[in-house]
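# Secondary and tertiary structure notes
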Amino acid sequence: MPDLIEKKTAAKIPAQSGSSAPAPKPEKARSLGSDAWEELRRRPIFLISAALILVLIVMTLVPGLFTSVDPRAGDLRNHYLSPPNYSHLFQADWFGYDGQGRSIYSRVVHGARASIIVGICVTAAVTLTGGFIGMLAGYFGGWMDTILSRVTDVFFGIPLLLGCLVVLNSFTERTVWSVVFALTALGWTQMARVMRGSVITVKQADYVTAAKALGASTGRIMLKHILPNAIAPVIVVATIALGGYIATEATLSFLGIGLQDPTISWGIDINSAQKVIRTAPFALFFPAGMLSLTVLAFIMMGDAVRDALDPKLR
Amino acid sequence: MTTVIEKAQATDRLVPGTPLLEVRDLHVEFKTKDGIAKAVNGVNYSVSAGETLAVLGESGSGKSVTAQTIMGILDMPPGRITSGEILFRGQDMLKMSNEERRKLRGRKIAMIFQDALSSLNPVLSVGYQLGEMFRVHEGASRKEAKAKAIELMDRVRIPAAKQRVGDYPHQFSGGMRQRIMIAMALALEPDLIIADEPTTALDVTVQAQVMDLLAELQAEYHMGLILITHDLGVVADVADKIAVMYAGRIVETAPVHELYANPAHPYTEGLLRSIPRLDQKGQELYAIQGLPPNLLKVPAGCAFNPRCDKATDLCRSEIPALHQVLDRDGAELAGRKSACHLWKETLHG
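What counts as what
- Residues numbered from 1 in each chain as written.
- Chains lettered and ligands numbered in written order.
- Predicted model: local features only at pLDDT ≥ 70, side-chain atom pairs only at ≥ 80, totals over all residues.
- Helix = DSSP H or I, 4+ residues; strand = E, 2+ residues; numbered from the N terminus.
- Rg over C-alpha atoms; globule rule 2.2 N^0.38 Å.
- Buried ≥ 20, exposed ≤ 12 C-beta atoms within 10 Å, placed from the backbone.
- Contact = placed C-beta atoms within 7 Å.
- Core = buried A, V, L, I, M, F, W, Y, C linked by C-beta atoms within 7 Å.
- Domains from an automatic or database assignment.
- Nonpolar A, V, L, I, M, F, W, Y, C, P; charged D, E, K, R; others polar.
- Expected span 1.5 Å × (residues − 1).
- Pairing = 2+ DSSP bridges.
- Axes fitted to C-alpha atoms, helices over the stretch in contact; angles between N-to-C directions.
- pLDDT = per-residue confidence, 0-100.
- Parallel < 35°, antiparallel > 145°, perpendicular 65-115°, else oblique.
- Left-handed = near helix turned anticlockwise from the far one by under 90°.

## Comments concerning the overall build of chain B
Assigned secondary structure in chain B consists of 14 helices and 12 strands. Relative to the 2.2 N^0.38 estimate, which gives 20 Å for 349 residues, the radius of gyration of chain B is 21 Å and therefore close to what a compact globule would have. Within chain B, buried positions represent 47% of all 349 residues. In chain B, of all internal contacts separated by at least 6 residues, the share reaching a separation of at least 24 is 64%.

## A look at the overall build of chain A
For chain A, the helix and strand inventory stands at 11 helices and zero strands. Helices and strands in chain A line up, N terminus first, as α-α-α-α-α-α-α-α-α-α-α. Taken over 314 residues, chain A has a buried fraction of 39%. Long-range contacts, defined as pairs at least 24 residues apart, comprise 71% of the intrachain contacts of chain A with a sequence gap of at least 6.

## Observations concerning the nonpolar core
Counting 171 residues, the largest nonpolar core has Ala183(B) and Ile194(B) as the members making the most contacts within it. Take this core: its biggest share by element is 14 residues, from helix α4 (residues 104-140) of chain A. With near-sequence residues (within four places) excluded, Ala183(B) lies in contact with Leu130(B), Leu152(B), Met153(B), Arg155(B) and Val156(B).

## Considerations on the domain arrangement of chain B
All names here are of chain B. Per the domain assignment, the segments making up chain B are domain 1 (4-239) and domain 2 (264-348). Put simply, the middle of domain 1 and the middle of domain 2, counted by C-alpha atoms, are 29 Å apart. Contacts between the two partners involve 10 residues from domain 1, matched on the other side by seven residues from domain 2. At four residues, strand β2 (residues 35-47) tops the list of elements feeding residues into the side of domain 1 that touches domain 2. In the side of domain 1 that touches domain 2, the residues fall into three nonpolar, four polar and three charged.

## Regarding helix α9 (residues 204-221) of chain B
Residue and element names in this part refer to chain B. Taking 1.5 Å of rise per residue, 18 residues should cover 26 Å, and α9 covers 26 Å from first to last C-alpha, within 8% of that figure. Against the buried residues of α9 lie β3 (52-56), α8 (174-186), β7 (192-196), β8 (224-229) and α10 (232-238). Just beyond α9, the residue with positive phi is His222, at close to 55 degrees.

## Here we look at the sheet that holds β8(B)
Residues and elements named next belong to chain B. Taken together, the eight strands give an open sheet; going across it, the order is β6-β7-β8-β3-β9-β10-β12-β11, and neighbouring strands pair in mixed fashion. Of all strands in the sheet, those with a lone pairing partner are β6 (109-112) and β11 (323-326), marking the two edges. The average undirected angle you get between the axes of adjacent strands in this sheet is 25 degrees. The pairing of β3 with strand β9 (residues 241-246) spans four bridges and is classified as parallel. In the sheet register, Ala54 faces β9, and the bridge partner there is Ile242.

## Some points on the pairing of strand β12 (residues 332-338) of chain B
All names here are of chain B. Relative to β12, strand β10 (residues 249-255) is paired through two bridges, and the arrangement is antiparallel. Within β12, the position partnered with Thr253 by the bridge is Lys337. Sheet topology note: the β11/β12 ladder contains three bridges and is antiparallel. Within β12, the position partnered with His323 by the bridge is Ser338.

## Looking at the sheet that holds strand β5 (residues 91-92) of chain B
Residues and elements named next belong to chain B. Overall, antiparallel pairing links the four strands, which are arranged β2-β1-β4-β5 in an open sheet. Looking along the sheet, the strands with just one partner apiece sit at the ends: β2 and β5. In the packing of helix α2 (residues 63-71) onto the sheet, contacts are made with β1 (21-32), β2 and β4 (79-88), and the angle to β1 comes to roughly 110 degrees.

## Structural notes on the confidence of the model for chain A
Taken as a whole, chain A shows an average pLDDT of 80; of its residues, 85% reach a score of 70 or greater. Taken together, the stretch residues 1-29 of chain A has pLDDT below 50 and engages in 24 contacts with residues farther than four places along the chain or on a different chain.

## A word on the environment of Val325(B)
Residue and element names in this part refer to chain B. The residue Val325 is located in strand β11 in this model. For the pair Val325 and Arg336, spaced 11 residues apart in the sequence, the C-alpha separation amounts to 5.5 Å. Not counting residues within four places of it along the chain, the set of residues in contact with Val325 comprises Ala264, Leu333, Arg336, Lys337, Ser338, Trp343 and Leu347.

## Points about the packing of helix α5 (residues 126-138) of chain B against helix α6 (residues 142-155) of chain B
Residue and element names in this part refer to chain B. At their nearest, the axes of α5 and α6 sit 8 Å apart, and the two run at 115 degrees to each other. Our classification of the angle between α5 and α6 gives roughly perpendicular. Here α5 runs over α6; the crossing is right-handed. Residue-level inspection shows Gly127, Leu130, Gly131, Phe134 and Arg135 of α5 in contact with α6, the latter providing Glu144, Ala145, Lys146, Lys148, Ala149, Leu152 and Met153. In terms of residue class, the contact of α5 with α6 is made up of six nonpolar, two polar and four charged.

## Thoughts on the packing of helix α8 (residues 206-213) of chain A against helix α9 (residues 218-254) of chain A
All names here are of chain A. The geometry of α8 relative to α9 is characterised by a closest axis approach of 10 Å and an angle of 145 degrees between their N-to-C directions. For the element pair α8 and α9, the recorded crossing hand is right-handed. Along the contact surface, α8 presents Tyr207, Val208, Ala211 and Lys212, while α9 presents Ile221, His225 and Ile226. Residues of the contact of α8 with α9, tallied by class, amount to five nonpolar, one polar and one charged.

## Focus on unusual backbone geometry
Glycine aside, a negative phi is what most residues show, and trans is what most peptide bonds show. Residue and element names in this part refer to chain B. Backbone geometry at His222 places phi at a positive 55 degrees, although glycine is not the residue there. Along the polypeptide, His222 turns up in the loop between α9 and β8. Even without glycine at this site, Ala247 takes up a positive phi of about 50 degrees. As for its placement among the helices and strands, Ala247 is situated in the loop between β9 and β10.

## Describing the pairing of β4(B)
Residues and elements named next belong to chain B. Relative to β4, β1 runs antiparallel, the two sharing eight bridges. Bridge assignment links Val28 to a residue of β4, and that residue is Ile81. Sheet analysis places β4 next to β5, joined by two bridges and oriented antiparallel. Each residue of the ladder has a partner; that of Phe88, found in β5, is Gln91. Counting the residues in the hairpin turn of β4 and β5 gives two residues, including Arg89, whose phi is positive at 50 degrees.

## Some points on the environment of Glu252(B)
Residues and elements named next belong to chain B. Along the chain, the position of Glu252 falls in strand β10. A residue is classified by how many C-beta atoms lie within 10 Å of it, and Glu252, with 28 of them, is buried. Expressed as a C-alpha distance, the spacing of Glu252 and Cys340, which sit 88 residues apart in the sequence, is 8.4 Å. Ignoring anything within four residues of it in the chain, the contact list for Glu252 reads Val244, Pro263, Ala264, His265, Thr268, Lys337, Ser338 and Ala339.

Put into structure tokens, the structure is as follows:
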């Protein structure tokens, strides 16, 4: 039988020739991921942001690569000592010294850890919880949607910063993880809403009906057919929010309710530098600049990834 | 893989005399803001293995709703099945559990949709989507699934299947996409395929190719085929019998050539007269006057009476039953039924 069919196939192939342009690289399996990668590799915005993020992550993991100076070692002789005309790079006094005579460069390097951990962990946690809840609400609808959406609304009504103040106040010792917890507890609502809306749009698509008609199970429809099509807006919101969470952590630390002094955070340093903004602007400039750069890098990355992941935009 | 002939024999053994699929007195309605829309009002039809039934009707005649009900993909609510049976090999599918029905879908009954671009998942390659059928239903490995996907693409005559298996739906032309939909429906060699306007979104030349392919594969696999369409031209070559639907009812059923030659319902007659023909060049094309009825307010009596130029008082008061149609000598015409009080005048007049 296969022989017979092959003969028939061969005979009738010329029927449609317009669409049969041979692929340039035969036998090369291309997944959505590899397609997106090909696309990303050629985008300067992605390359710049990826390089920045890579540097930040290395800074988080092994700050010793960038500086050997102890960020907590203060020498009051260096009280707000300004940088020496930047004549030598990557030295302890490259960025100057803060009020307690600690190297600002070293503190900026070590401060990356708090920001990156908070940003990545909160985003992951928020996307998972919010995404899960939004998926359930959007897909099943009915009473499930009613209950989940009302719960989301209740949490959404709590102002993020104020809520964090309350939650963090209840911790006797505040670490990076308590900040992650507080931001997650209050931040998941945004993701749940985006996911829900996105799932509701996607679940009405014909290919979902088609998958159902061809016998796919509910779990499979949700994971394979709805999730990949509904995730794009969530990725965009998540990356923008990632920058936001880093900024919020800095804000909380600035307000004195986030991280506490032995922990090194850009927010804490910005806070302590605000009093001397006129006399020692560099003490504010470097941690604030790093913060802005980090937030910017994640937002650019999110934009590029979104464009690459959506085959319809190509 | 069982050969086609073995499969056909097995199918016949399993159904001694009973049709593959039988829809009995199906009623479906939709709850809307303005009231209850009765989309399907007592539809009866049956398909046997190897047979093609064309369900013909305008938009809103209930043909697609019937198909969705058979597949079990009707949105409920707002839809509601008020009564009726759908027998697949003698078993009422409406009484099965969701899980039992899901196992029939894809394996025993598959569906081809109108718009292949929107019916294929845009973020998954066609090879993955074809292979998914084998992975979900037969537990095939990735590699096996891919090989089978290529085989299927070959079978529906997609050129260079091996190179194109990793392409995404938007990289294919309309006709090729519809072939992929056909391949997906065929993947597990189901007993019955429901094709809901499979060629409506395609160019006329491509329509013919796709219909030919469908008919050929149907014969090869000895499947039952329900072809839902509003295009009389598409039906003629492919179908064995036709059911014409109007306002949620079947108004006429007949073997395909008899229906074209001599319709027994004024609606069918009107439809046939409104096909443009070359020998009528320059003349005004006939059109059935008026619009299809609003399903919230179906006219009393025969639903077609406001548009029918033969309508009598009887038509305006009493809903006609689906009569057996007789020839001039009073002998029954096999498979021919008409829901018209005036079928005799229409058929013989």
